[in-house]
Amino acid sequence: MKSFIEISSDSHFPLENLPYGVFSTANNQFPRIGVAIGDQILDLPSITSLFEKHVPELKNPASVLSQPSLNLFMSLGKPVWQATRKFLQYILSADTPELRDNHELRLKAFTPQKDATLHLPATIGDYTDFYASKEHATNVGSMFRGKDNALMPNWVHLPVGYHGRASSIVLSGANIKRPNGQRLSAKDQPPVFGPSLKLDYELEMAFFVGVGNELGEPISIEQAKNHIFGIVLLNDWSARDIQSWEYVPLGPFLGKNFGTSISPWVVTLEALEPFLVQGPQQVPPPLEYLQERGPSAYNINLEVKLKPSGSNDYKTITRSNLKYMYWSITQQLAHHTINGCNTRPGDLCGTGTISGQTDDSLGSLLEITWNGQNEIEFEAGVKRKFIEDGDEVVLTGYCQGDGHFIGFGECAGKILPNRAK
Ligand SMILES: O=C(O)/C=C/C(=O)CC(=O)CC(=O)O
Ligand SMILES: [Ca+2]
Ligand SMILES: [Mg+2]
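Residues numbered from 1 in each chain as written. Chains lettered and ligands numbered in written order. Predicted model: local features only at pLDDT ≥ 70, side-chain atom pairs only at ≥ 80, totals over all residues. Heavy atoms only, no water.

Named according to an unreviewed UniProt entry, the protein is Fumarylacetoacetase originating from Ambispora gerdemannii. Annotation of the protein in UniProt includes, under Pathway (unreviewed entry), the sentence "Amino-acid degradation; L-phenylalanine degradation; acetoacetate and fumarate from L-phenylalanine: step 6/6." Entered under Sequence similarities (unreviewed entry) in the UniProt record, the comment concerning the protein runs "Belongs to the FAH family." (UniProt positions renumbered as here; feature names shortened; annotations may be inferred.)

In structure tokens form, the structure reads like this:
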């Protein structure tokens, strides 16, 4: 597939990808829907007339595409998503003259990504975070509850999750203020208050619900794929000292809702279809409503790099893969709704931290340094147990296609200091 837009061979955004985002520019400050192509953004409302001509499935494109969020477009369902993708691949193709040779329209339709301001791609009504990597759950469980109680008996029977906080989800690039909170400073002593001393990241991905479901009407595992619009990178910043003190018995609360970063470009399930693979074998087999009929894991390479404050260089500290995850995203959505819980367009579900079996594939510092018992070494003798003020963390992810990448771009964030009042 070749586009008339020049796309470098290491780009995350070739014609095979076409992820959706929301952006604005200096000339037009209204946030609107765009698609990433190479290092450019195609401004979708600017080509409304081409949509009217080629995509009859999309009614009223002028209004849908100029929304400041993807919610309405996502709610229209798979036939519209597929027709739009097919049209975009056609209109951006090197062989299609319609936009290629219309110089006036091209000037309006394309913006370099470096000149645009990106916004949260959706209005996120509800956010859920799962706990779906067996390696991660075993590691965290061993540290919080001891080796013998690492995996609770329910873990292999259902995708464990908790309801997160949608209000504090921020876009990649936003700074995160170190949270204050309660933590234990010594065993059998009352808690103390102050800035978290065990600030961590969590390497996750997250899926956006496109088409929701009615209250009382579960989404079956077969139908789940038709409800999921696409996937982003997610960093579930976590204060481990706050978390380990507060979580009993209701689960994560203030240790995880002071900021959750996501990447700006939503990669569609259609673009990811060629990278479906078999996930880990599930023993014991899950109950009927959680049984997959075919491959349900995605082969997405993931990396985390950290730049210590004052340093010029990032060091890659994790290489993992979404396919390591025990519970698939379709199992997560089927389970989320099996009791009749409704979901809505723009709801976001985090996969949970994605760790692999090897020491270099652990998705959090908690695991890499084993709760601060070990240190990671950076250049010039700089060491880290947890994240310090001024440190920057970047998640990235990509599928390796045949001569191209289907990439997710980056999910970046920097930690700012805080002081106890
Ligand atoms: O109590 C525990 O075992 C740990 C819970 C979490 O860390 C919740 C979480 O964010 C899960 C995840 O990202 O996998
Ligand atoms: Ca998490
Ligand atoms: Mg969070």
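**Regarding the overall build of the protein**
The number of helices and strands found in the protein is 12 helices and 26 strands. For the protein, the C-alpha radius of gyration of 22 Å lies close to 22 Å, the compact-globule estimate for 421 residues. Seen along its three principal axes, the alpha-carbon backbone of the protein occupies a region of about 70 × 55 × 40 Å. When each of the 421 residues of the protein is scored for burial, the buried share is 55%. (Helix = DSSP H or I, 4+ residues; strand = E, 2+ residues; numbered from the N terminus. Rg over C-alpha atoms; globule rule 2.2 N^0.38 Å. Buried < 20%, exposed > 50% of the residue type's maximum accessible area, 1.4 Å probe, protein only.)

**Focus: the site of ligand 1**
Neighbouring ligand 1 are 17 residues, the closest being Y131, R145, Q243, K256 and T353. Contact distances for ligand 1 include 3.4 Å between an oxygen atom and a side-chain N or O atom of H136. Contacts to ligand 1 include R145, whose side-chain N or O atom sits 2.7 Å from an oxygen atom. Notes on ligand 1: free accessible area 380 Å², of which the protein chains cover 95%. For the shell around ligand 1, the elements supplying multiple residues, two or more each, are β6 (127–130), α7 (134–145) and α9 (240–246). By residue number, the principal contributor to the shell around ligand 1 is α7, which donates three residues. Here the residues of the shell around ligand 1 sort into six nonpolar, four polar and seven charged. (Near = heavy atom within 4 Å. Polar contact = N/O pair within 3.5 Å; in protein donor to acceptor, adjacent residues only side chain to side chain. Areas by Shrake-Rupley, 256 points an atom, 1.4 Å probe, with all protein chains shown as cover. Nonpolar A, V, L, I, M, F, W, Y, C, P; charged D, E, K, R; others polar.)

**Observations concerning the UniProt feature "domain: Fumarylacetoacetase N-terminal" (unreviewed entry) in the protein**
Per the UniProt annotation, the sites labelled "domain: Fumarylacetoacetase N-terminal" (unreviewed entry) are residues 16–121. As annotated, residues 16–121 has a helix share of 40% and a strand share of 20%, and its two end C-alpha atoms lie 20 Å apart.

**Brief notes about the nonpolar core**
Within the largest apolar cluster, 54 residues are counted, with the highest numbers of intra-cluster contacts made by M205, L272 and I300. Mapped onto this core, the elements with two or more residues apiece are β13 (203–209), β14 (228–235), α10 (269–272), β20 (301–307), α11 (329–337), β25 (392–400) and β26 (405–416). Contacts of L272, omitting those with residues within four sequence positions, involve I231, V267, Y298, I300, C399, I406 and F408. Residues I33, F51, F73 and A83 belong to the second largest nonpolar core, which totals 45 residues. (Core = buried A, V, L, I, M, F, W, Y, C linked by side-chain atoms within 4.5 Å. Contact = heavy atoms within 4.5 Å.)

**With respect to the coordination of the calcium ion (ligand 2)**
Those protein atoms acting as donors to the calcium ion (ligand 2) are D129 (OD), E202 (OE), E204 (OE) and D236 (OD), and they sit at 2.1 to 2.3 Å. Viewed at the metal, the six donor atoms of the calcium ion (ligand 2) are separated by angles of 77 to 166°, and the geometry they form is irregular. Summarised as a motif, the one-chain spacing of the donors to the calcium ion (ligand 2) is D-x72-E-x1-E-x31-D. (Donors = N, O, S within 2.8 Å, 3.2 Å for Na, K, Ca; no water. Tetrahedral: all angles 85-135°; square planar, octahedral: opposite > 155°, others 65-115°.)

**Remarks on the coordination of the magnesium ion (ligand 3)**
Distances from the magnesium ion (ligand 3) to its protein donors, D236 (OD), K256 (O) and T260 (OG1), fall within 2.1 to 2.3 Å. Mapping the donors of the magnesium ion (ligand 3) onto the primary sequence gives the spacing D-x19-K-x3-T. Of this pair, D236 sits in the loop between β14 and β15 (238–239) while T260 is found in strand β16 (residues 260–262), placing the two residues 24 residues apart along the sequence.

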